[in-house]
Amino acid sequence: MGMISLDGVRDKNVMQLKKLNTALFPVRYNDKYYADALSSGEFTKLAYYNDICVGSIACRLEKKEGGAIRVYIMTLGVLAPYRGLGIGTKLLTHVLDLCAKQNISEIYLHVQTNNDDAIAFYNKFEFEITDTIQNYYTNITPSDCHVLSQVIAQNHRKK
């Protein structure tokens, strides 16, 4: 078994996140994405497998009316040769545990409608399709996305 470790994203290693995103996703992310990722603190992580950077999760913290925070997962990805080793699970459970500790009750993301692997992955963590948005993506097909959401029970996995 290889060793999986998580590390925070900071100015000095944000290039790692940029490289991963280029390898993983058909979308180019702008400066605001990286600013949001950096300002989310512990909610954005790089994953290392035997000291090789192989995956990441990047979140944005959003204030709702009334001041409650919800978490938007901007990206979660693991390089293809390293999938199925529990790395994505470790990244997502890290964020879900943080939500529970900080009493954040809502977390959501967008997934391309044909991305069955991702939808199945999030279903394992009790995310549900709560909406579908037509023409969400530009320049990729299909252009529609599902919104996957989870409302986190406040007694969820209190450590």
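Up top is the structure these notes are about.
A quick note: this is a predicted structure, and the numbers were derived from the prediction, not measured. Throughout, residues of each chain are indexed from 1 in the direction in which the sequence is written. Confidence filtering applies because this is a predicted model: local features only for residues at pLDDT of at least 70, side-chain atom pairs given and counted only at 80 or more, and all residues used for totals across whole chains, interfaces and linings. Derived side-chain values reflect all non-hydrogen atoms in the structure, with water molecules and hydrogen atoms excluded from consideration.

Caption draft 1: Spotlight on the side chain of glutamate 106. In this text, helices come from DSSP runs of H or I with a minimum length of four residues, and strands from runs of E with a minimum of two, each type numbered from the N-terminal end. Relative to the helices and strands, glutamate 106 is located in strand S5 (residues 106-112). Polar contact criterion, stated in full: a pair of N or O atoms within 3.5 Å, where within protein one must be able to donate a hydrogen and the other to accept it, and residues adjacent in sequence count only if both atoms are side-chain atoms. Within polar-contact distance, the side chain of glutamate 106 engages the side chain of arginine 70 at 3.4 Å.

Caption draft 2: Fine view of the packing of aromatic side chains. Stacked, edge-to-face and tilted are the three classes for Phe, Tyr and Trp ring pairs, Trp counted by its six-membered ring, which pair at centre distances within 6.5 Å; planes under 30 degrees apart are stacked, over 60 edge-to-face, the rest tilted. As enumerated under the stated definition, the model contains nine aromatic pairs in all. Pairing tyrosine 72 with tyrosine 108 gives two aromatic rings, centres 4.8 Å apart and planes at 40°, and the pair type is tilted. Taken together, the positions of tyrosine 72 in strand S4 (residues 69-78) and tyrosine 108 in strand S5 put the pair 36 residues apart, joining distant regions of the chain. We note that tyrosine 72, like tyrosine 108, is buried. What links up through ring pairs into an aromatic cluster is the set Phe25, Tyr29, Tyr33 and Tyr34. Two conditions define a charge located above a ring, namely a distance within 6 Å from the ring centre to NZ of Lys or CZ of Arg, and an angle within 35 degrees of the ring normal. Taking the ring centre of tyrosine 34 as reference, the NZ or CZ of lysine 18 above it sits at 4.9 Å. Exposure classes here rest on a 1.4 Å probe applied to the protein chains alone. A residue is buried below 20% of its type maximum, exposed above 50%, and partly exposed in between.

Caption draft 3: Representation of unusual backbone geometry within the structure. Omega for the bond connecting threonine 141 with proline 142 falls within 30 degrees of zero, at -5°, which places this linkage in the cis form. Locating proline 142 in the fold gives a position in the loop between strand S6 (128-133) and strand S7 (145-151). At glutamate 126, a position not held by glycine, the phi torsion is positive, near 65°. Looking at where glutamate 126 falls in the secondary structure, it is placed in the loop between helix H4 (116-124) and S6.

Caption draft 4: Here's a closer look at the pattern of salt bridges. Whenever Lys or Arg places a side-chain nitrogen within 4 Å of a carboxyl oxygen from Asp or Glu, that contact is recorded as a salt bridge. Counting across every chain of the model gives eight salt bridges. When the shortest N-O distance is used, the salt bridge between aspartate 36 and arginine 60 registers 4.0 Å. Placement of aspartate 36 in helix H2 (residues 31-39) and of arginine 60 in strand S3 (residues 52-63) is noted, with a sequence separation of 24 residues between them. Among the residues examined, aspartate 36 registers a relative accessible area of 14% and is labelled buried. By relative accessible area, arginine 60 is classed as partly exposed at 23%. If you follow the salt bridges from partner to partner, you end up with Lys32, Asp36, Arg60, Glu62, Lys64, Arg70 and Glu106 in one network.

Caption draft 5: Representation of the nonpolar core. Here, the term nonpolar core denotes a set of buried Ala, Val, Leu, Ile, Met, Phe, Trp, Tyr and Cys residues that are joined through side-chain atoms within 4.5 Å. Ranked by internal contacts, the top residues of the largest apolar core, which has 30 residues, are Ile73, Leu92, Ile107, Tyr122 and Phe127. Elements that contribute at least two residues to this core include exactly strand S2 (45-49), S3, S4, helix H3 (87-101), S5 and H4. Whether two residues touch is decided by their heavy atoms; if any such pair falls within 4.5 Å, the residues are in contact. Other than its neighbours up to four places away in sequence, tyrosine 122 contacts Ile73, Leu76, Leu92, Leu109, Val111, Phe127 and Leu148. In terms of nonpolar packing, the next biggest core, distinct from the first, is built from 17 residues, Leu17, Tyr34, Leu46 and Ala58 among them.

Caption draft 6: Inspection of the sheet that holds S6 at higher detail. Strand pairing follows a simple DSSP-based rule, namely that at least 2 bridges must link the two strands. Here seven strands make up an open sheet; going across it, the order is S1-S2-S3-S4-S5-S7-S6 and the pairing mixed. Every other strand in the sheet has two partners, leaving strand S1 (4-8) and S6 as the edge strands with one partner each. Between one strand axis and the next, the sheet turns through 25° on average, direction left out of account. Sheet analysis places S2 next to S3, joined by five bridges and oriented antiparallel. For leucine 46, the partnering residue across the bridge sits in S3 and is serine 56. Orientation is described by axes fitted as lines to C-alpha atoms, over the contacting stretch for helices, and by angles from 0 to 180 degrees between their N-to-C directions. Each of S2, S3 and S4 touches helix H1 (residues 14-24); the most contacted strand, S3, lies at about 100° to it.

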